[in-house]
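This is what each chain is made of:
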Amino acid sequence: MRAWARLLALDLRRLTRSAGTTAAIILLLGLGIYGAWRAGRNAEAARSSLAAAETAYDDQLDFLLSVYPPTTDAGEVLYYVAFPAPQPPLPVSALARGRAAVETESLRIRLLALEGQLYEHETVNPRLAAAGYLDLAFLLIALLPLFIIAVSYDLISGEREGGTWNLVRLFAPRRRLLAAKLASRAMLVGAVAAVVMAAGALMAGIDLDGRAGWMFALVALHTVFWFALCLGVAMGNRSSTANAMILAGVWVVLTILAPAALSLANAVLHPVPEALELTVQQRQGYHEAWDLPPSATMESFYRDYPEWSGQAVPEDVFTWGWYYAMNHRGDQAARDASRAYREVLRERDAWARRWSLFAPPLATQLALDRLARTDLRAQLDYQDAVRRFHERLKDHFFPHFFATAPIDAVAWDQVPTFEPAAPADSAAQAGVPPAIALILASGLALGVGVRRARA
Amino acid sequence: MRNAPEGLRNTLLIARRQLGAVRQDGYVLFLLGLVVALGLVAALGARHHVASETEQRDRYQAMVDRQWLEQPERHPHRVIHYGFLVFREQAPLEFVDPGVSDYAGTSIYLEGHRQNTANFGEARHSTGMTRFGRLTPASVLALLLPLLVVVAGFAAVSAEREGGTLGVLLTQGATPAQILAGKVLATGAVGALATLPVALAVGVMAGPGLDSPASVTRLGVLAGIYGIYLAGWVLVTVLVSAVRTSSRSALAQLLALWVVICVATPRVAASVAGALYPLPSRAELTAQVEQALNEVGDSHRPDDPFFNALREEYLERYQVGAVEDLPVNWRGVLSRESEALTSRVFEDHRQELVKGHLRQNKVMAWSGFLSPYLAARDLSMGIAGSGPEATEAFLAQAEAHRYTIIQRLNELHIREIRNENDRAQRLSREHWGQFPVFGTEPPPLGGALADRPVSLAALGLWIGLPLTGLGLARRRLALVGTERSS
């Protein structure tokens, strides 16, 4: 055992003496700490964005109530009020930003037709978004494997080419040697990954719950997968340069090509023309209503809300009940397109997750986004939560409109508040499939390597 | 000895020798096939994407235009709320390089009193798989071809040294410059071999778009930019191969360089740009706009100071006692003035945001000196017409269009609608045909290049530095040769 420990220490020293390895470690740690700091900043920005939506609602309400006489129709003032629908991000979302940069999770919703309000873009600069973003997930899933490759591609071939393999084999059996070399590399890579993750957890203020646990476990398994792959390739009887080319090639295929090809296929298989369709339909559905008698609009309104069918509106004067019912007509017109739109996006999401299992690093990355709730599904779930909120607001306010109640009849403290979307699946549901894919792929890589080494 | 034909012959001989070695290298051939196949798939996929986007855009724009013309008799203010939908056109070479298009919205609803955001960018419909962007001809050329060049050329000089043949070549009368030139030529030929099918496919697919000579020019300039970028990779590869002691370390160093230039730096630069010049979130921006709007006033509000003053002014000008007696429509006047005020608020805030984007983009441009990949992509999207300035031009043109249409409707309200019983009146349908149609012009090619001096300089440096390096390495190569042969 002591001999083995000495072997390990010796190998560690050899590894860290290389200028390239040292530079890579410094670079990774630097990026990791920067990434962690940035994660903290992002979490802070997300919090202040949510707070801004809440404050803006309070300010707007105070302002409106101060300029409109208390006898003003509630419907008139409510036209201006935008209710906040803030979805607090999970703390772990700072580690895997996923699609957070392009999505809005603190919409403010008016009582008008909803479909036109749901798809607002974040203020993202397209130039930065197109360059890709740097979060800890990217560092650990895309860059860390390159470091593993860099320290392991010449695991055996390096000794062989240096003429030292036969020499060191005199002192220890092949398997023990290999174990020591692997252990020293695993310690080095593990230390880098641990520092990066710890920095991220500390600086972004992450609770160590099941979701964070699964994220760390997946990152660890993913790291093991790359070691297995490197070992599998290194056991073949090839030159160091051949190993380097093969491993770099595998990295390019798994990290760049597989996602790009799958994404292309996904877009071709699941087109989304409904986005424009629902926009056009909603606008037409609402505005046509102005040229129709109010009773026509109310009839289609009562179909969705039979409980209010007793509430007739006059035919010849403007009423707020009719006005908001016309807005509802816009959503009705867009309903089919909107449903189809969501279905296509859910299909895209499910398809991506299914096929990504063939490229385990991709599956890992998608799982991290899902655990952090920064994926497409989370956004769709958020939009559904906003839909429910809008319905609850309508339930609350329509009686005021039908009764032509004045604004001071509104009990503002009883207005429904937004209920954030709950995670659609448990942490295990998100984590298990990629974990199995990673374990199987690791076994496969090792098995192929061992067979080739024996052959 | 130094005469040109022989020098050229030696260079070509070396190049042929190198190509022979490459031809026997299974990895290079495999990668060559892969890059060509990917380039073709990328071109086909991108073409499909552009075709379906264009078809959709045309279909819905036609539908919206028809709906506008088929409006019944309406009150002009009704039409102000009805508004207009516009869709962004695809860039001239969108299918070669979609630039920032995926992250910018494709449709805007233009209506009175409000400035909406452009919605439904492709990125919002993607699953988060494409952290390296979509597979397009541009990404194959900028991201993957350098890898092929590296694999084809990392051993170009170092293998000769390791095999002891470098000294032989030198004693046979080949000068170091001829050796290096031959290696550069051969490695460049491999890169060109991979680029040609992709370029041809792009050229063929550009077919219908190539009616305009402007697109042909764009395609030519684009080819030039990628040619320079890849030539830089060829020079760097041969240079590293010439100065490293072993092929193995040359390969490791070149792969590390590729990771730093093509993978890490673009993201670090984007992240740093975002940290240096943070933007307000949508929620914060909306809150700011709301506050500013509250300050400028609202004609719907009773006792609004601005609009009270306006009323006094009009009553005085026309010497009447009440707004109902004005010869112009008072509600129309209110609506026009209110639109002018609120539009300025919206536009000021949007301009603030654009300024933030420009500051961030400047960081990206200067990062081109660290990552020629960024410089090449920046120039590429500019030439393709899919850069940030194109999406910004769309937003600016959409806002200008919105303002024109809304204010024309307000003028109609002021002139054609009587004060009494205002809301019951309607405008006849022939008015709807008299509004301008929306159309965007892609930013001109000359402007796109002139706006990117930093990226052009960075790309120049990417060629200049390794050339200088090769000049210096030439001397060292001669030394190595004498060491070996002595």
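Time to look at the overall build of chain B. When helices and strands are counted, chain B shows 16 helices and three strands. The C-alpha atoms of chain B give 31 Å as radius of gyration, which overshoots the globular expectation for 486 residues (23 Å, by more than 25%). Principal axes of the C-alpha set define a box for chain B whose edges measure 110 × 45 × 40 Å. Of all 486 residues assigned to chain B, the portion counted as buried reaches 49%. Contacts in chain B between residues far apart in sequence, at least 24 positions, make up 85% of those at least 6 positions apart.

This paragraph deals with the overall build of chain A. Helices and strands together make up the secondary structure of chain A, namely 16 helices and two strands. For chain A, the C-alpha radius of gyration of 29 Å lies well beyond 23 Å, the compact-globule estimate for 455 residues. Sorting the 455 residues of chain A into buried and exposed places 50% on the buried side. A fraction of 86% describes how many contacts in chain A between residues 6 or more apart in sequence connect residues 24 or more apart.

All right, on to the interface of chain A and chain B then. Many analyses report the size of an interface as the accessible area lost when the parts associate. At the interface, 79 residues of chain A touch 79 residues of chain B. When residues of the side of chain A that touches chain B are traced back to their parent elements, those giving at least two are helix 2 (19–67), strand 2 (106–109), helix 4 (126–131), helix 5 (136–152), helix 10 (240–269), helix 11 (274–288), helix 13 (320–356) and helix 14 (360–371) of chain A. Among the elements that take part in the side of chain A that touches chain B, helix 10 of chain A stands out by supplying 17 residues, more than any other. Here the residues of the side of chain A that touches chain B are counted per class, giving 46 nonpolar, 20 polar and 13 charged.

Here we take up the packing of helix 12 (residues 330–366) of chain B against helix 14 (residues 388–416) of chain B. Helix packing geometry: the angle between the two helix axes and the distance between the axes. Residue and element names in this part refer to chain B. Between helix 12 and helix 14, the least distance of the axes is 9 Å, while the angle of their chain directions is 175°. As far as their axial angle goes, helix 14 and helix 12 are roughly antiparallel. Here helix 12 contributes Arg331, Gly332, Val333, Ser335, Arg336, Glu339, Ser343, Glu347, Val354, His357 and Asn361 to the contact with helix 14, which in turn contributes Pro388, Glu392, Glu399, Tyr403, Ile406, Gln407, Asn410, His413 and Ile414. Here the contact of helix 12 with helix 14 is built from residues that sort into six nonpolar, eight polar and six charged.

This part is about unusual backbone geometry. Residues and elements named next belong to chain B. Here His113, not a glycine, exhibits a phi torsion of approximately 70°, which is positive. By the element assignment, His113 lies in the loop between strand 2 (107–111) and strand 3 (114–115). Given 17 C-beta atoms within 10 Å, His113 falls into the partly exposed group. One non-glycine residue, Gln319, lies in positive phi territory at about 55°.

A rise of 1.5 Å per residue sets the reference length of helix 9 (residues 210–234) of chain A, with its 25 residues, at 36 Å; its end C-alpha atoms lie 36 Å apart and thus fit the reference within 8%. Of all 25 residues that make up helix 9 of chain A, 20 are buried, and the element is covered over most of its length.

It is a general feature of regular strands that their side chains alternate between the two faces of the sheet. Residue and element names in this part refer to chain B. By the alternation rule, side chains of strand 1 (residues 84–87) split into Phe84 and Val86 and Leu85 and Phe87, which are all buried. Bridging between strand 1 and strand 2 involves four bridges; their strand directions are antiparallel. In the sheet register, Val86 faces strand 2, and the bridge partner there is Ile108.

Taking strand neighbours across the sheet as the criterion, the three strands line up as 1-2-3 (chain B) in an open arrangement whose pairing is antiparallel. With one partner strand each, in any of the chains shown, strand 1 and strand 3 of chain B form the two edges of the open sheet.

Counting residues in hydrophobic clusters, the biggest one holds 229 residues, and the most contacted among them are Leu95, Met215 and Cys230 of chain A together with Leu148 and Val238 of chain B. A total of 16 residues in this core trace back to one element, the largest contributor, which is helix 9 of chain A. In this structure Leu95 of chain A touches Ala39, Asp135, Leu136, Ala137, Gly200, Ala204, Met215 and Ala372 of chain A, once residues within four positions along its chain are discounted. Judged by nonpolar contacts, the second largest core, of 35 residues, contains Ala113, Tyr323, Phe389 and Phe401 of chain A.

Residues and elements named next belong to chain B. An ideal rise of 1.5 Å per residue puts 18 Å on 13 residues; helix 11 (residues 305–317) measures up with 19 Å between its terminal C-alpha atoms. Burial of helix 11 is sparse: only one of the 13 residues sit out of reach of the surface. Count one or two residues on from helix 11 and you reach Gln319, which has phi positive near 55°.

Tracing the backbone through its elements, the reader meets His396 of chain A in helix 15 (residues 376–402). For His396 of chain A, the residues in contact, after removing those within four places along its chain, are Val415 and Pro416 of chain A.

All names here are of chain B. Mean pLDDT over chain B stands at 89; residues scoring 70 or higher make up 95%. Predicted confidence in chain B is weakest over helix 16 (residues 453–485), with a mean pLDDT of 83, and strongest over helix 13 (residues 372–384), with 96. Note on residues 481–486: pLDDT is under 50 here. Beyond four places in sequence and across chains, it has eight contacts. If you check the scores for this complex, the pTM reads 0.92 and the ipTM reads 0.91.

Residue and element names in this part refer to chain B. Two numbers describe how helix 9 (residues 247–276) lies on helix 12: the axes approach to 9 Å, and their chain directions differ by 145°. Crossing angle aside, the handedness with which helix 9 passes helix 12 is right-handed. Judged by residue contacts, Ala269, Ala270, Val272, Ala273, Gly274 and Leu276 of helix 9 engage Gln360, Val363 and Met364 from helix 12. Across the contact of helix 9 with helix 12, the residue classes break down as seven nonpolar, two polar and no charged.

This next bit is on the environment of Ala82 of chain A. All names here are of chain A. You can see Ala82 is positioned in the loop between helix 3 (74–78) and strand 1 (83–86). Residue Ala82 is classed as buried on the basis of its 20 C-beta neighbours within 10 Å. The sequence separation of Ala82 and Ile109 amounts to 27 residues, and the corresponding C-alpha distance is 4.9 Å. Sequence-distant contacts of Ala82, defined by excluding residues within four places in its chain, comprise Tyr57, Gln60, Arg108, Ile109 and Arg110.

On to the environment of Trp412 of chain A, then. Residues and elements named next belong to chain A. Within the secondary structure layout, Trp412 lies in the loop between helix 15 and helix 16 (427–454). The exposure class of Trp412 is exposed, given the 11 C-beta atoms found within 10 Å. Each C-alpha atom of the pair Trp412 and Leu61 lies 9.5 Å from the other, and the pair is 351 residues apart in sequence.

Analysis parameters
Residues numbered from 1 in each chain as written. Chains lettered and ligands numbered in written order. Predicted model: local features only at pLDDT ≥ 70, side-chain atom pairs only at ≥ 80, totals over all residues. Helix = DSSP H or I, 4+ residues; strand = E, 2+ residues; numbered from the N terminus. Rg over C-alpha atoms; globule rule 2.2 N^0.38 Å. Buried ≥ 20, exposed ≤ 12 C-beta atoms within 10 Å, placed from the backbone. Contact = placed C-beta atoms within 7 Å. Nonpolar A, V, L, I, M, F, W, Y, C, P; charged D, E, K, R; others polar. Axes fitted to C-alpha atoms, helices over the stretch in contact; angles between N-to-C directions. Parallel < 35°, antiparallel > 145°, perpendicular 65-115°, else oblique. Expected span 1.5 Å × (residues − 1). Pairing = 2+ DSSP bridges. Core = buried A, V, L, I, M, F, W, Y, C linked by C-beta atoms within 7 Å. pLDDT = per-residue confidence, 0-100. Left-handed = near helix turned anticlockwise from the far one by under 90°.

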